[in-house]
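# Close look at the chain arrangement
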Amino acid sequence: MKFAFVCWADCSNSAYNIHKAIQRFTKHESFHVKIKGKIARRYGFPADNYLTNRNLKRIQDEIYDSDVIVFKNLACIQKYRLDTEKLKSKTIIGLLGGIVLDEKKRNKAIRRFEKLNAKLAVLCLGYRKFLDFPWIPRCVDVDGLRRSYDFGKLNPPLICASPSNDTNYFRRVGEMFHNAIGRLKGFRFRTDVIRNVSYDECLKRKAHASIFFDRVGSGYGTCSLEASAFESAVICGIPKFTREALNDECPFIQVDDAEDLRWVLADLLSDEDYLDRKREECLRFVYKWHDGRETVKRLLKLV
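Below, the structure is looked at part by part. (Residues numbered from 1 in each chain as written. Predicted model: local features only at pLDDT ≥ 70, side-chain atom pairs only at ≥ 80, totals over all residues. Heavy atoms only, no water.)

## Section: the pattern of salt bridges
Counted according to the given criterion, the structure contains 13 salt bridges. A salt bridge links Arg183 to Glu259; the shortest N-O distance between them is 2.8 Å. Taken together, the residues Arg183 in the loop between α9 (168-182) and β8 (190-193) and Glu259 in helix α13 (residues 258-270) connect sequence positions 76 residues apart. Accessibility expressed as a relative area gives 35% for Arg183, which makes it partly exposed. A salt bridge links Glu249 to Lys288, with the shortest nitrogen-to-oxygen separation between them at 2.8 Å. Residue Glu249 is located in the loop between α12 (240-245) and β11 (253-254), and its partner Lys288 is located in helix α14 (residues 272-289); the two are separated by 39 residues in the primary sequence. Here Lys288 falls in the partly exposed class, since its relative accessible area comes to 42%. Within the structure, one salt-bridge network assembled from shared partners comprises Lys2, Glu62 and Asp65. (Salt bridge = Lys/Arg side-chain N within 4 Å of Asp/Glu carboxyl O. Helix = DSSP H or I, 4+ residues; strand = E, 2+ residues; numbered from the N terminus. Buried < 20%, exposed > 50% of the residue type's maximum accessible area, 1.4 Å probe, protein only.)

## A look at the sheet that holds β11
One open sheet holds the 5 strands; their spatial order is β8-β7-β9-β10-β11, and the pairing between them is parallel. Only two strands of the sheet have a single partner each, and these edge strands are β8 and β11. Pairing analysis gives 2 bridges linking strand β10 (residues 233-236) to β11, with the strands arranged parallel. For Cys236, the partnering residue across the bridge sits in β11 and is Gln254. Most of the contacts of helix α11 (residues 222-229) go to β10, to which it runs at about 165 degrees, and overall it touches β9 (211-213) and β10. Its contacts with the sheet place α14 against β9, β10 and β11, and it is angled at close to 80 degrees to β10. (Pairing = 2+ DSSP bridges. Contact = heavy atoms within 4.5 Å. Axes fitted to C-alpha atoms, helices over the stretch in contact; angles between N-to-C directions.)

## Topic: the environment of Gly94
Tracing the backbone through its elements, the reader meets Gly94 in strand β5 (residues 91-96). As for Gly94 and Phe71, which are separated by 23 residues in sequence, their C-alpha atoms are 5.3 Å apart.

## Regarding the packing of helix α1 (residues 11-25) against helix α15 (residues 292-302)
Orientation of α1 relative to α15, taken along the N-to-C sense of each, is 85 degrees, at an axis distance of 9 Å. Classified by the angle their axes make, α1 and α15 are roughly perpendicular. Contacts between α1 and α15 involve Ile18, Ala21, Ile22 and Phe25 on the former and, on the latter, Gly292, Arg293, Thr295, Val296 and Leu299. Classifying every residue of the contact of α1 with α15 by side-chain character gives 6 nonpolar, 2 polar and 1 charged. (Parallel < 35°, antiparallel > 145°, perpendicular 65-115°, else oblique. Nonpolar A, V, L, I, M, F, W, Y, C, P; charged D, E, K, R; others polar.)

## Brief notes about the nonpolar core
The biggest cluster of nonpolar side chains holds 32 residues, and the ones touching the most others in it are Leu145, Tyr220, Leu246, Cys250, Phe252 and Phe285. At the level of secondary structure, the elements contributing two or more residues to this core comprise α8 (142-148), β7 (158-161), α10 (199-206), α11, β10 and α14. Residue contributions to this core peak at 5 residues, all from α14. With 22 residues, the next largest nonpolar core counts Ile181, Ile211, Leu268 and Leu275 among its residues. (Core = buried A, V, L, I, M, F, W, Y, C linked by side-chain atoms within 4.5 Å.)

Structure (structure tokens):
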């Protein structure tokens, strides 16, 4: 059996981790492709699998030759210029990223792709209909991260944030973090906002965080999973359908604005036992739901 991972943006990191786990834990073939760009360079993906005009035909042939294809969403079909007729006989799996299209964008996507095979079109729906579709969670190599980086915690505790790019959304996330930190009085702590560094440097700095703030509203990303592997208590936004998909087991602390974030940080900093408990819960969660070996088991059960 051959697997193809056709993703883009930050989901490519998770897809690459699953691809490597398949090679490590099974005898199946696996192929991973990534659009060339800042995120690709940050994560150090193999350059021969970048989507370029020179590589396009070879990459398309690899995808069509696969039995199982894992997509982030339907935008991947456009970005990789795939023929949907050639995909109808394939097993299609969705990658649960926790990010939900808003209603306007979702309805536009449905209209745009309504003529496609139904099992492909459902990938753009998000929310509850996604849960009726074969899906796997994002993935990190938990043991690999813990072997490769020193994750000893600092005293006073380090609060870390890592806005992943310069879009308006992540600028607002950074502003929220600084706003909350500026109003957090009476506690001893350090902060580190990680931007514009190599992936390796990002992990080195993130590994020492006792508390990691990811994002709000749109759902948690791979950054949260990496922080969990380093035993950080994670704060982020989590859509309802993602919680349902994970059986309400996700221990990440949800916040909606700077005031929420300030109070959550105050609770964690004022109660060391509570902070330690959340850190342990995040580590157990990422092992159960997002570790490479467990993700491969879930994937194989779907095919």
